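Structural overview
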Amino acid sequence: MGLLNAPPLLCLMLSLSLVLSAAAADTVPPAALDGPYLFYGEEGVIACWANTEERTAEQQAYTAATATTLPHFTTFRPELVDLDRDFSPLPAKHYMGVSKIVALSDIHGQFETGRKLLLANGVIDQDNNWSFGTGHLVVVGDIFDRGDQVTETLWLIHNLQVQATAAGGTVHFLLGNHETMVLEGDDRYLNAKYLITTSLLGKFYHELYGPDTYLGRWLRSLPLAVEINGTVFIHGGLSRELVREVSDIGRINQLYHDYLIDAEDMNEVLSGSPRMNLLHGRLGPLWYRGYFSKNTFTERDLEYVLRKTSADRIVVGHTSFTAVQGFYNNRIIAVDSSIKFGSLGEVLILEDGGAYRGTITGDRIPLTTETTK
């Protein structure tokens with residue numbers, strides 16, 4: 001039986017032996033506190049968290065009033081949390097006339113590196129607040145797995161999304177293969193820190209992001225792809241085989257949400273439809289790497305994909321490089337710059353018709369391109 005499911009008397013006993021008091025928690029470095037995870041229940045919302053250094057856990061009823069009594073977490077901002085928020089997946093939008101865009105991907109729990117990149121390139125200020133005005137930030141998937149600050153990164157991007165909307169800008173967090181793996185219960189790339197969290201909270205990791213949680217509902221509302229100024233952003237890519245079956249990115253988003261996220265029997269869904277199998281497989285939008293293999297993708301294939309999707313360019317993550325790289329006259333741009341290693345990384349900047357590499361020191365380098373590979 002986990003802490004969240006324990007009866008009141010047992011919770012009291014656990015609080016004496018396992019749980020930090022609020023006063024003690026305030027003295028713990030924020031990085032040691034993993035959470036909070038907000039669970040919806042019949043009797044209200046419960047916030048829970050773990051101290052992964054002390055191997056203790058705590059929970060409390062969560063309301064706007066009690067939120068102020070939580071210990072300090074690195075990026076959690078209760079004033080930006082709306083418990084009644086509508087988390088229905090948004091209809092597909094094609095954004096035009098956006099003056100400036102920053103994109104990055106595959107942060108993989110490397111919060112500090114991701115934060116430094118956003119700070120150096122004018123997206124946030126020193127206090128982790130949105131400072132990009134009416135610009136658009138695109139996180140092209142894969143915040144989860146590998147690193148040990150996934151929760152901090154999720155709350156940061158959540159906060160920026162709320163703040164950006166208020167400022168007239170937009171934050172697009174696109175689902176990557178690691179987000180969907182977590183939702184499906186595949187934790188093979190999970191950092192060891194989260195094994196401690198799950199043990200302390202008595203939950204499987206995917207249950208921390210289940211349909212009854214705030215972050216889980218948020219994740220389930222996110223799209224796989226978005227188009228801005230004629231550029232499609234998508235984690236893996238759009239293969240020729242995929243766009244032959246489904247060429248509209250709004251339809252791709254809808255199919256994935258309707259049939260694949262939280263499917264009770266994934267094997268039944270996949271076996272029943274070649275289209276679903278394609279969406280979920282190696283040629284699908286979350287796993288595709290074909291752009292970077294001369295044996296599987298050509299310029300003729302690119303022309304076909306762009307024509308079918310009515311797009312000018314595709315920006316992808318998933319396939320790692322040591323810098324943002326352009327291919328085919330920058331009609332394919334790869335933004336997985338190996339942030340996952342925690343010591344390097346770049347962002348893509350699209351502004352005034354130009355494409356640039358934004359470095360962790362704030363330098364802006366024109367993006368050169370390879371016409372063939």
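Look up a bit, the structure's there.
So, here is what we can say about the structure in this document.

Conventions we followed
- Residues numbered from 1 in each chain as written.
- Predicted model: local features only at pLDDT ≥ 70, side-chain atom pairs only at ≥ 80, totals over all residues.
- Heavy atoms only, no water.
- Buried < 20%, exposed > 50% of the residue type's maximum accessible area, 1.4 Å probe, protein only.
- Helix = DSSP H or I, 4+ residues; strand = E, 2+ residues; numbered from the N terminus.
- Contact = heavy atoms within 4.5 Å.
- Polar contact = N/O pair within 3.5 Å; in protein donor to acceptor, adjacent residues only side chain to side chain.
- Phe/Tyr/Trp six-rings, centres within 6.5 Å; stacked < 30°, edge-to-face > 60°.
- Salt bridge = Lys/Arg side-chain N within 4 Å of Asp/Glu carboxyl O.
- Pairing = 2+ DSSP bridges.
- Axes fitted to C-alpha atoms, helices over the stretch in contact; angles between N-to-C directions.

All right, on to helix H6 (residues 192-201) then. Burial within H6 is extensive, with 7 of its 10 residues counted as buried. Of the positions making up H6, those classed as buried are Lys193, Tyr194, Ile196, Thr197, Thr198, Leu200 and Leu201. Tucked inside the fold, the buried residues of H6 contact strand E1 (33-41), strand E2 (44-51), strand E3 (56-62) and helix H4 (150-167). Backbone nitrogen of Lys193 and a side-chain oxygen of the N-cap are separated by 2.9 Å at the start of H6; the cap is Asn191.

Right, let's talk about the packing of aromatic side chains for a bit. We describe a pair of aromatic rings using the distance from one ring centre to the other and the angle between the two ring planes. Tallying each qualifying case throughout the model produces 20 aromatic pairs. Arranged with centres 6.3 Å apart and planes meeting at 65°, the rings of Tyr62 and Phe76 form a pair that is edge-to-face. A residue pair is termed long-range when its members are at least 10 positions apart, and Tyr62 in strand E3 and Phe76 in the loop between E3 and strand E4 (94-95) qualify at 14 residues. Owing to a relative accessible area of 4%, Tyr62 belongs among the buried residues under this scheme. Given the relative accessible area of 9%, Phe76 is considered buried.

All told, the structure shown has 10 salt bridges when counted by the stated rule. Arg115 is the salt-bridge partner of Glu112, the closest N and O atoms lying 3.3 Å from each other. Pair noted here: Glu112 and Arg115 are both in helix H3 (residues 111-120), with a separation of 3 residues, about one helical turn. Classification of Glu112 as partly exposed rests on a relative accessible area of 35%. For Arg115, a relative accessible area of 16% translates into the label buried. Between Glu351 and Arg364 there is a salt bridge, with its nearest N and O atoms 3.0 Å apart. With Glu351 in strand E13 (residues 346-351) and Arg364 in strand E15 (residues 364-366), this residue pair connects regions lying 13 residues apart in the sequence. For Arg364, a relative accessible area of 45% translates into the label partly exposed.

The strands making up a sheet associate through backbone hydrogen bonding, with each pair oriented either parallel or antiparallel. Ordered by their spatial adjacency, 6 strands build an open sheet running E7-E6-E5-E13-E14-E15, and the pairing between neighbours is mixed. The open sheet is flanked by strand E7 (170-173) and E15, the only strands paired with a single partner. Put simply, the sheet's adjacent strands are angled 25° from each other on average, direction ignored. The sheet contacts of H3 involve strand E5 (100-104), strand E6 (136-139), E13 and strand E14 (354-359), and relative to E14 the element is tilted by about 130°. Against the sheet, H4 touches E6 and E7, its axis set at about 145° to E7.

Glancing now at the side chain of His280. Locating His280 in the fold gives a position in helix H11 (residues 274-280). One polar contact links His280 to Glu184, side chain to side chain, over a distance of 3.2 Å.

As a further point, take the side chain of Thr231. Looking at the secondary structure, you find Thr231 in strand E9 (residues 231-234). At a separation of 3.2 Å, a polar atom in the side chain of Thr231 contacts the side chain of Arg313. If near-sequence neighbours (up to four positions away) are discounted, Thr231 is found in contact with Val226, Arg313 and Val315.

A sheet is described by the order of its strands in space; here 7 strands give the open sequence E4-E8-E9-E10-E12-E11-E16, paired in mixed fashion. Lying at the two open borders of the sheet, with one neighbouring strand each, are E4 and strand E16 (369-370). Pairing of E9 with strand E10 (residues 313-316), which is carried by 4 bridges, proceeds in the parallel orientation. Paired with Val232 across the bridge in E10 is Ile314.

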